[in-house]
Amino acid sequence: MTTTDSAEKAEALARGAIEARVAACAQISAPVTSVYRWENAIETAQEWQVLFKTTEARYAALEAYLLEAHDYDTPEIIATPVTRGGAGYLAWVAAETS
């Protein structure tokens, strides 16, 4: 998962990941309000979350893509392991990222 400051940037990140086959699917959530500390100040910003569906084997490539394509100095990149899932869906994710 990552966040960015506009719907257009979120879609560009999502499309780029799918085109590069480092993710099988990316879901963009409506704006969220983020409150965080940055450079010794508390900031509040509207951001769009992008959730990428990939395999453990393609995680490093997805992370590398996000680090290169993202315009934040320190982009949020969070991975959550999938402990269970539908076999057909997980097979589709694997096929789309290989």
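Since this is a predicted model, take the numbers as computed values, not measurements.

Participant: Looking at this structure, I do not really get the pairing of strand β3 (residues 32-38). What am I missing?
Facilitator: Consecutive side chains along a regular strand alternate between the two faces of the sheet. Alignment of β3 against strand β4 (residues 41-53), held across 7 bridges, turns out to be antiparallel. Its bridge partner being in β4, threonine 33 is matched across the sheet by glutamine 46.

Participant: Where do I start with unusual backbone geometry in this structure?
Facilitator: Among all residues except glycine, the phi angle is most often negative; among peptide bonds, the trans geometry is most common. With phi around 50 degrees, glutamate 39 is a residue other than glycine that occupies positive phi space. Among the secondary structure elements, glutamate 39 is positioned in the loop between β3 and β4. In this structure, asparagine 40 takes a positive phi of about 65 degrees despite not being glycine.

Participant: Honestly, the nonpolar core in this entry has me stumped. Any pointers?
Facilitator: The nonpolar side chains of soluble globular proteins are, as a tendency, buried together. Counting residues in each nonpolar core, the largest one holds 12 residues, listed as Ala10, Leu13, Ala14, Ala17, Val22, Ala23, Trp48, Val50, Phe52, Leu62, Tyr65 and Leu66. Taken together, the elements giving at least two residues each to this core come down to α1 (7-19), β4 and α2 (59-69). Look past the residues within four positions of leucine 62 in its chain and what remains in contact with it is Ala17, Val22, Phe52 and Thr54.

About the criteria used
- Along every chain, residues carry numbers that run from 1 in the direction the sequence is written.
- For this predicted model, a pLDDT threshold of at least 70 governs which residues receive local features, and a threshold of 80 or more governs which side-chain atom pairs are given and counted, while totals over whole chains, interfaces and linings are taken from all residues.
- Each side-chain value is derived from all of the structure's non-hydrogen atoms; neither hydrogens nor water enter the calculation.
- The criterion for strand pairing is that DSSP finds at least two bridges linking the strands in question.
- Only DSSP runs of H or I covering at least 4 residues are called helices, and only runs of E covering at least 2 are called strands; the numbering of each starts at the N terminus.
- As used in this record, nonpolar core signifies buried Ala, Val, Leu, Ile, Met, Phe, Trp, Tyr and Cys residues forming a set joined through side-chain atoms within 4.5 Å.
- The buried label goes to any residue with under 20% of its type's maximum accessible area, the exposed label to any with over 50%, and the partly exposed label to all in between, with areas taken from a 1.4 Å probe on protein chains only.
- We call two residues contacting when some pair of their heavy atoms lies within 4.5 Å.

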